[in-house]
Amino acid sequence: GFHNLKSTYGTFSCAGNHDEWLGMDLISEAMQQHDLGLLRNETKVLNIDGASLNVIGIDYTRGNEFFLTSALETSAHEGFNLLLCHHPEFFPVAKSNHIDLMLAGHTHGGQIALDVAGVSLYPIDFIYHYSRGLYEEAGKKLYVNYGVGVTGTPIRTIEPEIVLITLT
């Protein structure tokens, strides 16, 4: 499980909609027991070789900018802003608040891709503007992870993924 993760600067997470449904008190306690750094509308400033990395985590949002503006109050102003936000449709708000890279999930990449005459069709693309993969707009980036599990219908035709992103 996640409790086996090892890192130099810490392991960080944010809450998603399923966490909210289960209850944030229960989720917070479980994450704390396993030292998984659940960031709840807050910033953890890391100093890496003299540079500041703002790791910002916000609770599941449906466009509530307050979670982010509140978290940014404790960030290093000159630092790189990395936002952990479960809901990818928050990206326009993140961009306007100087987020350099936002990492999201929520969509599971759609879980399903259909082969139509040799072309992969992802039904999730009809539901979400930011549905899967890497997006870059106005010099800001968003990565929507495909995830590893399923939700709703227990079917998955696309490969699960765990992504390694190197910041340079």
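Residues numbered from 1 in each chain as written. Predicted model: local features only at pLDDT ≥ 70, side-chain atom pairs only at ≥ 80, totals over all residues. Heavy atoms only, no water.

1. Quick look at the pattern of salt bridges
Phase 1 of the analysis: Overall, the coordinates contain four salt bridges when judged by the stated rule.
Phase 2 of the analysis: The shortest N-O distance in the salt bridge between Arg40 and Asp59 comes to 2.7 Å. One end of the pair, Arg40, is in the loop between α2 (24-33) and β1 (42-48); the other, Asp59, is in the loop between β2 (51-57) and α3 (65-72), and 19 residues separate them in sequence.
Phase 3 of the analysis: A residue is classified by how much of its surface remains accessible, and Arg40, at 32% relative accessible area, is partly exposed.
Phase 4 of the analysis: Glu137 is the salt-bridge partner of Lys95, the closest N and O atoms lying 2.4 Å from each other. Of the two residues, Lys95 is situated in helix α4 (residues 91-96) and Glu137 in strand β7 (residues 133-137); the sequence distance between them amounts to 42 residues.
Phase 5 of the analysis: Of the residues examined, Glu137 reaches a relative accessible area of 22% and is grouped as partly exposed. (Salt bridge = Lys/Arg side-chain N within 4 Å of Asp/Glu carboxyl O. Helix = DSSP H or I, 4+ residues; strand = E, 2+ residues; numbered from the N terminus. Buried < 20%, exposed > 50% of the residue type's maximum accessible area, 1.4 Å probe, protein only.)

2. Quick word on the pairing of strand β4 (residues 101-104)
Consecutive side chains along a regular strand alternate between the two faces of the sheet.
Phase 1 of the analysis: As paired elements, strand β3 (residues 80-84) and β4 share three bridges and run parallel to each other. Opposite Leu83, over in β4, you have Met102 as the bridge partner.
Phase 2 of the analysis: This β-α-β element, β3 to α4 to β4, shows right-handed connectivity.
Phase 3 of the analysis: Bridge count between β4 and strand β8 (residues 140-144): four bridges; the pairing is parallel. Bridging from a neighbouring strand, Met102 pairs with Leu142 of β8. (Pairing = 2+ DSSP bridges. Right-handed = clockwise from strand over helix to strand, strands pointing away.)

3. Section: the side chain of His108
Phase 1 of the analysis: Relative to the elements of secondary structure, His108 occurs in the loop between β4 and β5 (114-116).
Phase 2 of the analysis: Beyond its immediate sequence surroundings of up to four residues, His108 is in contact with Asn145, Tyr146, Gly149, Val150, Thr151, Arg156 and Ile158. (Contact = heavy atoms within 4.5 Å.)

4. Side note on the packing of aromatic side chains
Phase 1 of the analysis: In the structure shown here, the tally under the stated rule is two aromatic pairs.
Phase 2 of the analysis: Seen in terms of ring centroids, Phe91 and Tyr130 are 5.4 Å apart; in terms of plane orientation they differ by 85°. Their pairing is edge-to-face. Separated by 39 residues along the polypeptide, Phe91 in helix α4 and Tyr130 in the loop between β6 (119-121) and β7 bring together distant segments of the chain. No difference in accessibility class separates Phe91 from Tyr130, as the two residues are buried.
Phase 3 of the analysis: Relative to Tyr135, the ring of Tyr130 has its centre 5.2 Å away and its plane inclined at 90°; by these criteria the two rings are edge-to-face. (Phe/Tyr/Trp six-rings, centres within 6.5 Å; stacked < 30°, edge-to-face > 60°.)

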